[in-house]
Amino acid sequence: EAEVAQSPRYKITEKSQAVAFWCDPISGHATLYWYRQILGQGPELLVQFQDESVVDDSQLPKDRFSAERLKGVDSTLKIQPAELGDSAMYLCASSSSGPKNEQYFGPGTRLTVT
Amino acid sequence: GDSVTQMEGPVTLSEEAFLTINCTYTATGYPSLFWYVQYPGEGLQLLLKATKADDKGSNKGFEATYRKETTSFHLEKGSVQVSDSAVYFCALSGAYKLIFGTGTRLQVFP
């Protein structure tokens, strides 16, 4: 069964350092999402791509976060510089065409900022 | 704006007990409704969904009915197992994105 791949699974970084996460969606899924999940809360959407275009990045802290999906396939989420409050699980999801269809989630990257 | 409210956890049950996790929503239009499950250290897995009023989603013994009149989508299971211990998230699809509740932790003891 096809799955969403994410790496790394765990990342520990020091405050003010740069960190990057990678996501490879299910083949053929045009829509890709990055979520942040703070411990004890539900996921919150950071950015949504349709193919290579950003559809929604209203909750992305653009002063330090960036996301790209250059060829409309895999995607990278970057944080620079990392802050203590960025410690969270970063989840990637994909769907075949928009949010009313099922979103399939990857295993996530657990980020700890020290 | 659109939102989802779930009952607070943890919900603690003995094996074979009946489970209900309450979920209510506020939305404009006609959203689809979902239940996702998250096991420790893992991402979210879709458990079931319903796309219109009175639809019943079901999977692995879990059920939820889309109730437009009460704006609810409560999750139920007749007999829980220890392996059902996880965090359960109710979610709705708004105009263009998925909105999650805060999650309800279920702990099932033998």
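It should be emphasised that the depicted structure is a prediction, and the values quoted were computed from it without experimental measurement. (Residues numbered from 1 in each chain as written. Chains lettered and ligands numbered in written order. Predicted model: local features only at pLDDT ≥ 70, side-chain atom pairs only at ≥ 80, totals over all residues. Heavy atoms only, no water.)

Focus on the state of the cysteines
Phase 1: Taken as a whole and assessed by the stated rule, the structure comprises two disulfides over all chains.
Phase 2: Each sulfur in the disulfide pair Cys23(A) and Cys92(A) lies 1.9 Å from the other. Because the torsion about its S-S bond is -70°, the bridge between Cys23(A) and Cys92(A) counts as left-handed. With Cys23(A) in strand E3 (residues 19-24) and Cys92(A) in strand E9 (residues 88-95), the pair connects residues that are 69 residues apart, well separated along the chain. Accessibility classification places Cys23(A) together with Cys92(A) in one group, the buried group.
Phase 3: Here Cys23(B) engages in a disulfide with Cys90(B); their sulfurs sit 2.0 Å apart. The sign of the -70° torsion about the S-S bond sets the Cys23(B)-Cys90(B) disulfide as left-handed. (Disulfide = S-S within 2.5 Å. Helix = DSSP H or I, 4+ residues; strand = E, 2+ residues; numbered from the N terminus. Buried < 20%, exposed > 50% of the residue type's maximum accessible area, 1.4 Å probe, protein only.)

Examining the sheet that holds strand E9 (residues 75-77) of chain B
Residue and element names in this part refer to chain B.
Phase 1: Read across the sheet, four strands follow the order E3-E9-E8-E7 without closing on themselves; strand pairing throughout is antiparallel. Across the chains shown, the open sheet's two edge strands, defined by having one partner strand only, are strand E3 (19-21) and strand E7 (56-59). Neighbour to neighbour, the strand axes of the sheet diverge by 15° on average, direction disregarded.
Phase 2: Here E3 runs beside E9; their pairing, made up of three bridges, is antiparallel. For Thr-20, the partnering residue across the bridge sits in E9 and is Glu-76. (Pairing = 2+ DSSP bridges. Axes fitted to C-alpha atoms, helices over the stretch in contact; angles between N-to-C directions.)

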